[in-house]
Structures are given as structure tokens and as C-alpha cells.
Amino acid sequence: MRTIDVSALLDGARFNAFHARVLFWCALIIIFDGYDLVIYGVVLPALMQTWNLTALQAGMLGSCALVGMMFGALFFGPLSDRIGRRKTIMTCVILFSGFTVINGFARTPEEFAICRFIAGLGIGGVMPNVVALMNEYAPRKIRSTLVAIMFSGYSVGGMLSAGLGMLLMPSWGWPSVFFIAVVPLVVLPLLVRQLPESLNFLVRQGQFDRAQALLAQAVPEYRPNAGDQLIPAKGQAGKVAISQLFHDGRSLNTLMLWAAFFCCLLMVYALSSWLPKLMNSAGYGLNSSLAFLLVLNFGAIFGAIGGGWLGDRIGLGRVLFAFFTLGALSLSLLALKSPLPVLYLLIGVAGACTIGTQILANACAVQFYPAHIRSTGLGWAMGIGRIGAIIGPLLGGALHAAQLPIQASFLAFALPGLIGAAAILVFLWHRPGQTGCVAEKPLESTPT
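Criteria and cut-off values
In this numbering scheme, every chain counts its residues from 1 along its sequence in written order. In keeping with the model being predicted, local features are shown solely for residues with a pLDDT of at least 70 and side-chain atom pairs are shown and tallied solely at 80 or more, while totals for entire chains, interfaces and linings include all residues. Excluded from the side-chain calculations are hydrogens and water; all other atoms, namely the structure's heavy atoms, are used. By nonpolar core we mean a set of buried residues, namely Ala, Val, Leu, Ile, Met, Phe, Trp, Tyr and Cys, connected to one another through side-chain atoms within 4.5 Å. Only protein chains enter the accessibility calculation, which uses a 1.4 Å probe; a residue whose area is less than 20% of its type maximum is buried, one above 50% is exposed, and one in between is partly exposed. Counting from the N terminus, the helices are DSSP H or I runs at least four residues long and the strands are E runs at least two residues long. Note on contacts: a residue pair qualifies if any of its non-hydrogen atoms lie within 4.5 Å across the two residues. Only the contacting stretch of a helix is used when fitting its axis, a line to C-alpha atoms as for every element, and angles between N-to-C directions run 0 to 180 degrees. Any angle that falls under 35 degrees is termed roughly parallel, while one over 145 is termed roughly antiparallel, one within 65 to 115 roughly perpendicular, and all others oblique. Should the near helix be turned anticlockwise from the far one by less than a right angle, the crossing is termed left-handed; should it be turned clockwise, right-handed. Side-chain classes are defined by residue name, with Ala, Val, Leu, Ile, Met, Phe, Trp, Tyr, Cys and Pro counting as nonpolar, Asp, Glu, Lys and Arg as charged, and the others, Gly among them, as polar. Side-chain rings of Phe, Tyr and Trp (the six-membered ring for Trp) are treated as a pair once their centres are within 6.5 Å; stacked means planes under 30 degrees apart, edge-to-face means over 60, and tilted covers the remaining angles. Just to be clear on terms, a salt bridge is a Lys or Arg side-chain nitrogen sitting within 4 Å of an Asp or Glu carboxyl oxygen. To count toward a patch, a residue needs a relative accessible area over 30% and no salt bridge; like charges are then connected within 9 Å, while nonpolar side chains (Val, Leu, Ile, Met, Phe, Trp, Tyr) are connected within 5 Å. Surface exposure here means Shrake-Rupley accessible area, sampled with a 1.4 Å probe, where a residue is shielded only by the protein chains that are shown. Distance and chemistry together define a polar contact, namely a pair of N or O atoms within 3.5 Å, with one atom able to donate a hydrogen and the other to accept it when in protein, and with adjacent residues in sequence counting only for side-chain atoms on both sides. Here a helix's expected span is defined as the number of its residues, less one, multiplied by 1.5 Å. A residue's bend is the angle separating two fitted axes: one through the seven residues that end there, the other through the seven that start there.

Draft legend 1. Representation of the nonpolar core in the model. Within the largest apolar cluster, 141 residues are counted, with the highest numbers of intra-cluster contacts made by Met127, Met150 and Tyr154. In terms of residue count, helix α2 (residues 17-50) provides more of this core than any other element does, 21 residues in total. Other than its neighbours up to four places away in sequence, methionine 127 contacts Ile30, Asp33, Leu37, Met69, Phe151, Tyr154, Met382 and Arg386.

Here it is as C-alpha cells:
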């Protein structure tokens, strides 16, 4: 009889077609997750004109999806540790795609707000689960890179929102961009067939045949034997208590991660919601304003993938500190009057170091927590971070309503970057040898 440490085998695997399949489907989910979220910033100028919304009303409307995301992350993260990631992901896809499509039929701000809240539940719930699933199956040597590539789908979705908004809205109005969200529902049957369940979850549930079959796909060198005893990642099965996030010396680092998530998401959603409107108010046309949102998300792709590559080499913690600092600097420089090419460059850097930073923070969180509390840990970090995300659009609305120059808005958006950098610095100081955000080393599998 052999004792097989599942996590150790997955960590040492070579990238193959199975990993590519998991990466493809997780990235596709994140693309439409990002599309459904960024879409509000795209339609905001049109909504304010159509419904005569004040800046504060627009900020509150933009926060509806983010409130839903907070509850979705807090609820669906722990739920998946109990019922499995696959079922949870499917439920979330149906929620965020279905209600985004229905959003296109909204005729009042109240109807719009309800649909955005329910869609937000799915958006917030799916993120920690696809990140945790990709992290579980990704080989350790390229884990940060693969998670970053997958989560850069958020920025691809944001670019699709801006691009399709520029293409469709002049002729078909703002509802047209919401109807594109039907695509995930169309491909859902394929997703059900192709997306694997968490191996650690299957082992804990005693579904050893399914677990062995998946393990053989992820690690072709593994040959299943009837007597194999599969050992899940360290941790106890059963109900996951939130208090476990603070066990084994994780208290300070958990709090610092929460602070970093809060600051980063505040910057991300303040920019995503208000950048087109701010630039429109500064004298740029609607399509030009949406082009800034396109550049913001384009920069995020480079930030996420480049940061993930660096993270695999020098540690995600160090990269996060550098990105927070650079993000605050680029937003501060946006407060200065610059030529258009320089403006585009600064917005691209801001995208790389805000949205890109959040993508890397997700990867850091799932690597920091042990597998049995991974979704719970990331779900709560994102849930606390959603408070910052909710404040972001409200802050943008308040600054806009005060009729302050746009420079004041960019300086206000830069301040959380400095606070986030300080939180990551404390995170690194508390565990100076853990710059890769890894809380524990994998156990070796041993034959018996």
C-alpha cells in the first residue's frame, strides 16, 4: 500500500494539457466576471444623463454590485470548502451572468440596483473559488504566473466592456452591453463537463476513485493502485471556522492582508467607476473617455502577468510592495497636467499597479493559507476588501459632487496605495523568510 500526498504530487507536476484546460476555463470565467463588473464604469455617463442622476446617486448605484460582491465573497468562499468548488462556481456563474443580462431590461435606478446587487453576489463568490482551484492544480514552480495569467482575464473583460461600449452604445444604447453577458450561460454545459473538482475536497469526501482519476490527469507519472491511500493537504476536514485564519501565527498577516485588499480594491473600483466620467468632465468625448478605461485594463494585463513572473522569482510579497508604491506614484502624477501620450502611459501604469496588484494579492492570499481554509481565507480577504470597493465609487461621487478639480480625485485615490504598501511591508516583516506568501511547505509523498 502506498501513501500519496496529493498536494506534493500536484506541486511537482509538469504543466500539461490538463493544466491548460483548467487555466482556460478559469480564465474564461474571470473574463466575463471582469466584463460584468467593469460594465458599470462604461455605462455611467449614459446612465447619469438618462436618469438625471447626481454624482452621489451614481456613486451609490455603483456600489450596489460591490455590496453584493462583499456578501458573495463572505458566503460562497466558506461554502465551497464544504460543498466543493465546482458546484459553487456553477452557481455563481448563473447568478452573475443571468442577472447582468436582466440588468439590460432595467427601466428605473431601483431595478438596476437590485439586479446589480444579485449579480454582485455571483461575481464576489466566483473569484476566490476559481483562484483557489487554479492555485491547487498549478505546479509550484509556475504557480504565481499561472494564477496571474488566469486572473488577468479580469482585465481582458474590462477591455471588452470598454471596447464593446464604444462600438455598441452609440447605436444601440447602454442596455446592449449587458446582453453580451449571456455568453457564459451558453457555454455553461461545456463548463460543467470540463471543470474539475478540487482534489483535496474529493479526498476529504472519500471519493477516491474520482480523485485518483483526476490526479492521474494532472500528474501523468502517477499510476493509480486500488490500495493507494490519498492524503489531502494538511488540515482537518469538516466545518471551517473563521477563527482558523488566525491560528498558527497567522493573526497579524491576516489583518495586514485584509488592509492591503481594502486599499487596493478602493483604488481599483474608484478608478473603474469614475475614470470615464472624470475624463469626460475634463473635456474628452465619450469614446475618448472609454479609451482611458481600455488603457487602464490593458496595463493591468502587463502588471498581472509581469508581476506573477517576478513573483515566482523574487517573491510575491516584494512585488506587491513595489506595485503598491508605484501605483500611488502614478496616480499622484496624474494630478499634474501632462501631454496625452504621457497621460495614457500613466493610466496604463496605474492599471498595472492597481488592478494588477489586486490580481497578485489574490495569488498571495491563496498561497499564504493552507489548502483546507484557502477559499475561506481568500473569501474573507476579498469580503473585507469589498468594503474598500464600496467606498471607492462613493468617494469618487463625493469628490465629483464637490466640484473639485480632477487632480484632487487622483490624489485621493493615490493615498490608499501608500497605506497598502505599509501593510505589505508589515506582512513581510512578520515573516521575513516568506516573501513568496507561502505559509507552509508541502509534505513529501512517501510509499509504505
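Here the narrative resumes, following the displayed structure.
Draft legend 2. How the structure looks around the packing of helix α4 (residues 85-103) against helix α5 (residues 109-137). Axis separation between α4 and α5 bottoms out at 7 Å; the angle between their running directions is 150 degrees. Judged by the inter-axis angle, α4 sits roughly antiparallel to α5. When the axes of α4 and α5 are compared, the crossing they make is left-handed. Residues of the contact of α4 with α5, tallied by class, amount to 17 nonpolar, six polar and three charged.

Draft legend 3. Seen up close, the packing of aromatic side chains. If you walk through the whole model with that rule in mind, you get 17 aromatic pairs. When the centroid spacing of 5.8 Å and the interplanar angle of 85 degrees are considered together, the rings of phenylalanine 112 and phenylalanine 178 count as edge-to-face. Taken together, the positions of phenylalanine 112 in helix α5 and phenylalanine 178 in helix α8 (residues 175-179) put the pair 66 residues apart, joining distant regions of the chain. Look at phenylalanine 112 and you get buried, because its relative accessible area is 0%. Linked through ring pairs, Tyr40, Trp51, Phe112, Trp174 and Phe178 together constitute an aromatic cluster.

Draft legend 4. View of the environment of valine 203. Within the secondary structure, valine 203 sits in helix α11 (residues 199-204). Sequence-wise, valine 203 and leucine 230 are 27 residues apart; in three dimensions their C-alpha atoms are separated by 6.7 Å. In this structure valine 203 touches Val6, Phe208, Ala211, Leu230 and Pro232, once residues within four positions along its chain are discounted.

Draft legend 5. The arrangement of unusual backbone geometry in detail. The phi torsion at asparagine 52 lies on the positive side, around 55 degrees, for a residue other than glycine. The phi dihedral of aspartate 248 falls on the positive side, at around 55 degrees, and the residue is not glycine. For aspartate 248, a relative accessible area of 65% translates into the label exposed.

Draft legend 6. Representation of the pattern of salt bridges in the model. Throughout the structure, instances matching the rule amount to three salt bridges. Here arginine 140 ties to aspartate 11 by a salt bridge, and the two come within 3.4 Å at their closest N and O atoms. With arginine 140 in the loop between α5 and α6 (143-151) and aspartate 11 in helix α1 (residues 6-11), this pair connects stretches of sequence that are 129 residues apart. The shortest N-O distance in the salt bridge between aspartate 11 and arginine 143 comes to 2.4 Å. Taken together, the residues aspartate 11 in helix α1 and arginine 143 in helix α6 connect sequence positions 132 residues apart. Look at aspartate 11 and you get buried, because its relative accessible area is 12%. Since its relative accessible area comes to 9%, arginine 143 is described here as buried. In this structure, a network of salt bridges that share partners links the residues Asp11, Arg140 and Arg143.

Draft legend 7. Spatial organisation of a nonpolar patch on the surface. A contiguous nonpolar patch, built from Leu326, Leu329, Leu333 and Leu336 and spanning about 350 Å² of accessible area, is present on the exposed surface. Its place among the elements puts leucine 333 in helix α15 (residues 316-333). The partly exposed category is assigned to leucine 333, whose relative accessible area is 33%.

Draft legend 8. Local environment of the side chain of threonine 88. With respect to the helices, strands and loops of the structure, threonine 88 is situated in helix α4. On the accessibility criterion, threonine 88 (1% relative accessible area) is buried.

Draft legend 9. Molecular detail of the packing of α2 against α6. For the pair α2 and α6, the least separation of the axes is 8 Å and the interaxial angle reads 40 degrees. As far as their axial angle goes, α6 and α2 are oblique. Two secondary-structure elements touch here, α2 through Leu23, Cys26, Ala27 and Ile30 and α6 through Leu146, Ile149, Met150 and Phe151. Its residues placed into classes, the contact of α2 with α6 shows eight nonpolar, no polar and no charged.

Draft legend 10. Expanded view of the side chain of threonine 100. Along the polypeptide, threonine 100 turns up in helix α4. Taking the relative accessible area as the measure of exposure, threonine 100 reaches 0% and is therefore buried. Separated by 3.4 Å, the side chains of threonine 100 and aspartate 36 make a polar contact. Setting aside residues no more than four positions away along its own chain, threonine 100 makes contact with Asp36, Ala119, Phe178 and Ala181.

Draft legend 11. Helix α18 (residues 406-430), seen in detail. Over its 25 residues, α18 extends 38 Å from the first C-alpha to the last, a length consistent with the 36 Å expected when each residue adds 1.5 Å. Those residues of α18 lying buried are Ser409, Phe410, Phe413, Ala414, Pro416, Gly417, Gly420, Ala421, Ala423, Ile424, Phe427 and Leu428.

Draft legend 12. Highlighting helix α16 (residues 340-368). The first and last C-alpha atoms of α16 sit 41 Å apart over 29 residues, in line with the 42 Å expected at 1.5 Å per residue. Maximal helix bending in α16 amounts to about 30 degrees, located at threonine 357. With 23 of its 29 residues buried, α16 lies for the most part within the structure.

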